[in-house]
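Take a look at the letters that make up each chain.
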Amino acid sequence: QFIVELQGSGCQLVILGGNHDAAAVLNESKNLLQYLNTRVFASSSDDLARQLVVLHNQQKQPAALLCAIPFLRARDLLQSQSGQSARDKQLSLQQAIAQHYQQLYTLAQQYNAEQQLQLPIIMTGHLTTVGVSTSDSVRDIYIGTLEAFPADAFPPADYIALGHIHQSQQLKAATDIRYSGSPIALSFDEAKAQKQLWLLEFSAAEKTVSSLPVPCFQPLCSIKTNLADVALNVQQALQGISEGSTLWLELVISETDAYLTDLQQRVEQILQDLPVQLLRLRRQRSSQAAGL
């Protein structure tokens, strides 16, 4: 529905597969979506030139080059070799990812040279980079091999837009590398974060990047409390919620009441007439019990 509604705007939509996306599922509609001004990149391609997209401005003139790089699976980039240590596998994967980026960046430079243009080069990616801030809902991609990709291994593109990390942030690097973050909160530790998008604008002289706040469509709240104060604390949390909305709630019950076997039933009885949905109930454990 979103793609259909987008047609009147003249926008070029580029869909990039992430680590949770099945490439085969995304590719099912790939050819059909091309007729709706939408390009789908579910996985890396053997022909790198296919991952180079010319982005046009409102006058239908070439305005930027996009190196459309989705989540790069290890099996798409290299073959496993017998006798490799974990460190060797990590280095091989890191080098293969870096090479993929460098080759695409070189292709973009060649396009500019052949067309006698100076289009800005934008690259994408779906991975964890060294030094980023993560949240509870972020999962490791390359378990046991490559924990994070170094920022200095990216080519010197004009802009690198990354996905996978849910918190919006800019990396401290020579190249402008940013995560827009997820548009909705995906865990309770993201509940208070202001979700946003990065708006990237190029003119003949300069590049500007500004923040676009994303409205909160589903309020979340995590409350640490004892059983007696559940109703009071939830009522306070509901004061900032618009009428007609339902609050998604996580309750962390303090040690004094955590031992109760019927804790779930007691909490549900307290909340039954309130506009909340209890998604998670946790018992706070003492440091001694946690150590054991």
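Residues numbered from 1 in each chain as written. Predicted model: local features only at pLDDT ≥ 70, side-chain atom pairs only at ≥ 80, totals over all residues. Heavy atoms only, no water.

**Q** When you look at the packing of aromatic side chains in this model, what are you seeing that I'm missing?
**A** Aromatic ring pairs are reported here in terms of the distance separating the ring centres and the angle at which the planes meet. As enumerated under the stated definition, the model contains 3 aromatic pairs in all. On the basis of an interplanar angle of 85° and a centroid distance of 5.1 Å, the ring pair of Tyr-101 and Phe-154 is categorised as edge-to-face. Here the residue Tyr-101 occupies a position in helix α5 (residues 86–115), and Phe-154 occupies one in the loop between β5 (121–126) and β6 (159–163), the gap between them amounting to 53 residues. Taking relative accessible area as the criterion, Tyr-101 reaches 0% and is therefore assigned buried. The class for Phe-154 is buried, based on a relative accessible area of 6%. Chaining the aromatic ring pairs together yields one cluster made of Tyr-101, Phe-149 and Phe-154. The ring of Trp-198 carries the charged tip of Arg-178 above its face, separated from the ring centre by 4.6 Å. (Phe/Tyr/Trp six-rings, centres within 6.5 Å; stacked < 30°, edge-to-face > 60°. Helix = DSSP H or I, 4+ residues; strand = E, 2+ residues; numbered from the N terminus. Buried < 20%, exposed > 50% of the residue type's maximum accessible area, 1.4 Å probe, protein only. Lys NZ or Arg CZ within 6 Å of the ring centre and 35° of its normal.)

**Q** Would you mind showing me how to read the state of the cysteines here?
**A** Simply put, the disulfide is a covalent bond whose two ends are the sulfur atoms of two cysteines. Scanning the model with the defined rule gives 0 disulfides in all. Considering cysteine sulfurs only, Cys-221 is the nearest to Cys-216, which forms no disulfide, with 11 Å between them. Residue class for Cys-216 comes out exposed when judged on its relative accessible area of 60%. (Disulfide = S-S within 2.5 Å.)

**Q** What am I meant to see in the nonpolar core here?
**A** Inside soluble globular proteins, nonpolar side chains tend to come together where they are buried. By size, the foremost hydrophobic cluster in this structure holds 29 residues, and its most contacted members are Tyr-101, Met-123, Leu-127 and Phe-154. Listed by contribution, the elements that provide at least two residues to this core are β3 (52–56), β4 (62–67), α5, β5, β6 and β8 (177–179). No other element matches α5, which puts 7 residues into this core. Discounting chain neighbours no more than four positions away, the residues touching Phe-154 are Tyr-101, Leu-127, Thr-129, Phe-149, Ile-160, Leu-162 and Ile-177. If you look at the next biggest cluster of nonpolar residues, it comprises 17 residues, including Val-230, Leu-238, Leu-263 and Val-276. (Core = buried A, V, L, I, M, F, W, Y, C linked by side-chain atoms within 4.5 Å. Contact = heavy atoms within 4.5 Å.)

**Q** Is there a simple way to think about the environment of Ser-43 in this case?
**A** For Ser-43, the position within the fold is in the loop between β2 (38–41) and β3. On the basis of relative accessibility, which here comes to 25%, the residue Ser-43 falls in the partly exposed class. For the pair formed by Ser-43 and Cys-11, sequence separation is 32 residues and the distance between their alpha carbons is 22 Å.

**Q** Hey, could you run me through the side chain of Thr-38 in this one?
**A** Relative to the elements of secondary structure, Thr-38 occurs in strand β2. Setting aside residues up to four positions removed in sequence, Thr-38 forms contacts with Ile-3, Leu-13, Ile-15 and Leu-33.

**Q** How should a nonpolar patch on the surface be read in this particular structure?
**A** Side chains of Leu-197, Leu-199 and Leu-212 sit close together on the surface and give an oily, nonpolar patch of about 220 Å² of accessible area. Residue placement: Leu-212 occurs in strand β10 (residues 207–213). Here Leu-212 falls in the partly exposed class, since its relative accessible area comes to 37%. (Patch = residues over 30% accessible without salt bridge, like charges linked within 9 Å, V, L, I, M, F, W, Y side chains within 5 Å. Areas by Shrake-Rupley, 256 points an atom, 1.4 Å probe, with all protein chains shown as cover. Salt bridge = Lys/Arg side-chain N within 4 Å of Asp/Glu carboxyl O.)

**Q** It is not clear to me how the sheet that holds β5 should be interpreted in this structure. Could you clarify?
**A** Two modes of strand pairing occur in sheets, parallel and antiparallel, and in both the strands are linked by backbone hydrogen bonds. Ordered in space as β3-β4-β5-β6-β8-β7, the 6 strands form an open sheet in which the pairing is mixed. Strands at the two margins of the open sheet, each flanked by one partner only, are β3 and β7 (169–170). Sheet topology places β6 next to β8; 3 bridges connect them, and they run parallel. Opposite Ala-161, over in β8, you have Arg-178 as the bridge partner. In the packing of α5 onto the sheet, contacts are made with β3, β4 and β5, and the angle to β5 comes to roughly 160°. (Pairing = 2+ DSSP bridges. Axes fitted to C-alpha atoms, helices over the stretch in contact; angles between N-to-C directions.)

**Q** When you look at unusual backbone geometry in this model, what are you seeing that I'm missing?
**A** Residues apart from glycine generally show negative phi values, whereas peptide bonds are mostly found in trans. A positive phi angle, near 65°, is found at Lys-60, a position not held by glycine. Mapping Lys-60 onto the fold places it in the loop between β3 and β4. The exposure class assigned to Lys-60 is exposed, which follows from its relative accessible area of 57%.

**Q** Any chance you could explain the side chain of Glu-190 here in plain terms?
**A** Turning to its location among the elements, Glu-190 is positioned in the loop between β8 and β9 (196–202). Among the polar contacts made by the side chain of Glu-190, one reaches the side chain of His-166 at a distance of 3.2 Å. Within the structure, Glu-190 has its side chain in polar contact with the side chain of Lys-195 (distance 2.8 Å). (Polar contact = N/O pair within 3.5 Å; in protein donor to acceptor, adjacent residues only side chain to side chain.)

**Q** Would you take a moment to explain the pairing of β10 for this structure?
**A** Side-chain direction in a regular strand flips from residue to residue, so the side chains alternate between the two faces of the sheet. As judged from the 7 bridges shared by β9 and β10, these two strands associate in the antiparallel manner. Each residue of the ladder has a partner; that of Leu-200, found in β10, is Val-209.

**Q** What is the right way to read the pattern of salt bridges from this model?
**A** Where side chains of opposite charge bring their charged atoms close, a pairing between them can arise. All told, the structure shown has 7 salt bridges when counted by the stated rule. The shortest N-O distance in the salt bridge between Asp-47 and Arg-50 comes to 3.8 Å. With a relative accessible area of 38%, Asp-47 lands in the partly exposed category. Classification of Arg-50 by relative accessible area gives exposed; the value is 56%. Salt-bridge contacts for Lys-195 lead to Glu-190; the nearest nitrogen and oxygen are separated by 2.8 Å. The buried category is assigned to Glu-190, whose relative accessible area is 2%. Overlapping salt bridges bring together Asp-176, Arg-178 and Lys-207 as one network.

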